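Spelled out, the chains give:
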Amino acid sequence: MNELSPIIKKLQEFVKERDWVQFHSPKNLAMALSVEVSEILEELQWLTEEQSQNLSKEKLNEVRKEMADVFIYLMMLADKYGIDLLEAAKDKIMINEKKYPVEKAKGNTKKYTEL
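Residues numbered from 1 in each chain as written. Predicted model: local features only at pLDDT ≥ 70, side-chain atom pairs only at ≥ 80, totals over all residues. Heavy atoms only, no water.

1. Some words on helix H1 (residues 5-17)
Turning to step 1, where the next piece is worked out: Between the first and last C-alpha of H1 there are 18 Å, a value that for 13 residues agrees with the 18 Å anticipated at 1.5 Å per step.
Turning to step 2, where the next piece is worked out: Looking only at H1, the buried set comprises Ser5, Ile8, Leu11 and Val15. For H1, the angular spread of buried residues about the axis comes to 120 degrees, placing them on one side. With respect to the buried face of H1, the exposed residues turned more than 90 degrees away are Pro6, Lys9, Lys10 and Glu17.
Turning to step 3, where the next piece is worked out: Packing partners of the buried residues in H1 comprise helix H4 (57-81).
Turning to step 4, where the next piece is worked out: The first or second residue beyond H1 is aspartate 19, which carries a positive phi of 55 degrees. (Helix = DSSP H or I, 4+ residues; strand = E, 2+ residues; numbered from the N terminus. Expected span 1.5 Å × (residues − 1). Buried < 20%, exposed > 50% of the residue type's maximum accessible area, 1.4 Å probe, protein only. Arc of directions from axis to C-beta. Contact = heavy atoms within 4.5 Å.)

In structure tokens, the structure reads:
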């Protein structure tokens, strides 16, 4: 059990009560996740770099809601596969630390294979 477990349990109950489990295959959840990420992009589309860093309260609230949708679908997909997202993130950070050592990657946008 991890910090996300109560949220995942709540999501499971929400889905079960609405008889939506039948629709939540990994494929469908991944597709929904992609759509929600696109909705974040839609909120930022056509903004300048500066505007994207200084969102109005209303725009920030819309981005917040879309980010929550992304997080929800990601948790539901991870749950389908039995993946502990917090553990997976910690593991991935350790991998990235090895792939992108500070002395080679600092201030650099190159992929690890190009460092």
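2. A word on unusual backbone geometry
Turning to step 1, where the next piece is worked out: In this structure, aspartate 19 is a non-glycine residue whose phi angle is positive, near 55 degrees.
Turning to step 2, where the next piece is worked out: As for its placement among the helices and strands, aspartate 19 is situated in the loop between H1 and helix H2 (26-44).
Turning to step 3, where the next piece is worked out: Positioned with a positive phi, tryptophan 46 is a non-glycine residue whose angle comes to about 75 degrees.
Turning to step 4, where the next piece is worked out: With respect to the helices and strands, the residue tryptophan 46 is situated in the loop between H2 and helix H3 (49-53).

3. As for the pattern of salt bridges
Turning to step 1, where the next piece is worked out: Per the counting criterion, the structure on display carries four salt bridges.
Turning to step 2, where the next piece is worked out: Residue glutamate 13 is joined to lysine 9 by a salt bridge in which the shortest nitrogen-to-oxygen separation is 3.7 Å. Within this pair, glutamate 13 and its partner lysine 9 are both found in helix H1, separated by four residues, close to a single helical turn.
Turning to step 3, where the next piece is worked out: Glutamate 13 gets classed as partly exposed once you look at its relative accessible area, which sits at 35%.
Turning to step 4, where the next piece is worked out: Between lysine 65 and glutamate 62 there is a salt bridge; the shortest N-O distance is 3.1 Å. Pair noted here: lysine 65 and glutamate 62 are both in helix H4, with a separation of three residues, about one helical turn.
Turning to step 5, where the next piece is worked out: Relative accessible area serves as the criterion here: at 41%, lysine 65 is assigned to the partly exposed category.
Turning to step 6, where the next piece is worked out: What makes glutamate 62 partly exposed here is its relative accessible area of 29%. (Salt bridge = Lys/Arg side-chain N within 4 Å of Asp/Glu carboxyl O.)

4. So, H4
Turning to step 1, where the next piece is worked out: Between its terminal C-alpha atoms H4 stretches 36 Å, which fits the 36 Å expected from 25 residues at 1.5 Å a residue.
Turning to step 2, where the next piece is worked out: Val63, Glu66, Val70, Met75, Met76, Leu77 and Ala78 are the residues of H4 that are buried.
Turning to step 3, where the next piece is worked out: Considering only its buried residues, H4 is in contact with H1, H2 and helix H5 (85-99).
Turning to step 4, where the next piece is worked out: One or two residues past the end of H4 sits glycine 82, with phi positive at roughly 70 degrees.

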